[in-house]
Amino acid sequence: MSLSQAQKKAFRSIGHHLNPVVTVSENGVSENLLTELNRALTDHELIKVKLAIPERDDRAAMIAELIANSRADLVQTIGKMALLYRRNPQVNPKLSNVTRFENHHGRH
C-alpha cells in the first residue's frame, strides 16, 4: 500500500509528538527486534523507530530491511529517526496513535 501525500503529511504531524518505541542498534535486525516491531505496529499503527547507527548508508539499509520484514510504509526519516505506518483493520482505538491523534494535527 502506498500512502498519499496528504496521509503522509497528517502522519508526520502526529509522529512529531511521538517517542521512539523501537531502537535498532549496530547489532542489526534480530528475531526479537522484528517481534517487537510487529507488536508495536499492530498496537499503534504509526510508530517512531530510533536507529542508533552512525553511518547514513547503514541506516538506509536497515530501514529498508525493517520495511521489508514488517510490510510497513515509510512515512519519513529525519536523521536517526524513522516514522513507520502499517494499517491494522482491528486496531484498539485506545492504543492506535492514528486514531488517538487524528484530530490534533499539530494543534494543542
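Summarised in this report is the structure supplied together with it. Keep in mind the model is a prediction, meaning the values are calculated, not measured.

**Side note on the sheet that holds strand 2 (residues 46-51)**
And then number 1: Here four strands make up an open sheet; going across it, the order is 1-2-4-3 and the pairing mixed. The open sheet has two edge strands, strand 1 (20-24) and strand 3 (73-78), and neither has a second partner. Recorded for the sheet is a direction-independent mean angle of 25° between the axes of neighbouring strands.
And then number 2: As judged from the five bridges shared by strand 3 and strand 4 (residues 81-85), these two strands associate in the antiparallel manner. The residue of strand 4 that forms the bridge with Leu74 is Leu84.
And then number 3: This element, helix 2 (residues 31-44), spans strand 1, strand 2 and strand 4 of the sheet and lies at about 160° to strand 1.

**Considerations on helix 3 (residues 56-70)**
And then number 1: When the terminal C-alpha atoms of helix 3 are compared, their 21 Å separation across 15 residues agrees well with the 21 Å that a helix rising 1.5 Å per residue should span.
And then number 2: All of the buried residues in helix 3 are Arg59, Met62, Ile63, Leu66 and Ser70. What you see down the axis of helix 3 is that its buried residues fit within an arc of 105°, all on one side. Projecting away from the buried face of helix 3 at angles above 90 degrees are the exposed residues Asp57 and Ala68.
And then number 3: Positive phi appears at Arg71, one or two residues downstream of helix 3, with a value of about 55°.

Criteria and thresholds
Residues numbered from 1 in each chain as written. Predicted model: local features only at pLDDT ≥ 70, side-chain atom pairs only at ≥ 80, totals over all residues. Heavy atoms only, no water. Pairing = 2+ DSSP bridges. Helix = DSSP H or I, 4+ residues; strand = E, 2+ residues; numbered from the N terminus. Axes fitted to C-alpha atoms, helices over the stretch in contact; angles between N-to-C directions. Contact = heavy atoms within 4.5 Å. Expected span 1.5 Å × (residues − 1). Buried < 20%, exposed > 50% of the residue type's maximum accessible area, 1.4 Å probe, protein only. Arc of directions from axis to C-beta.

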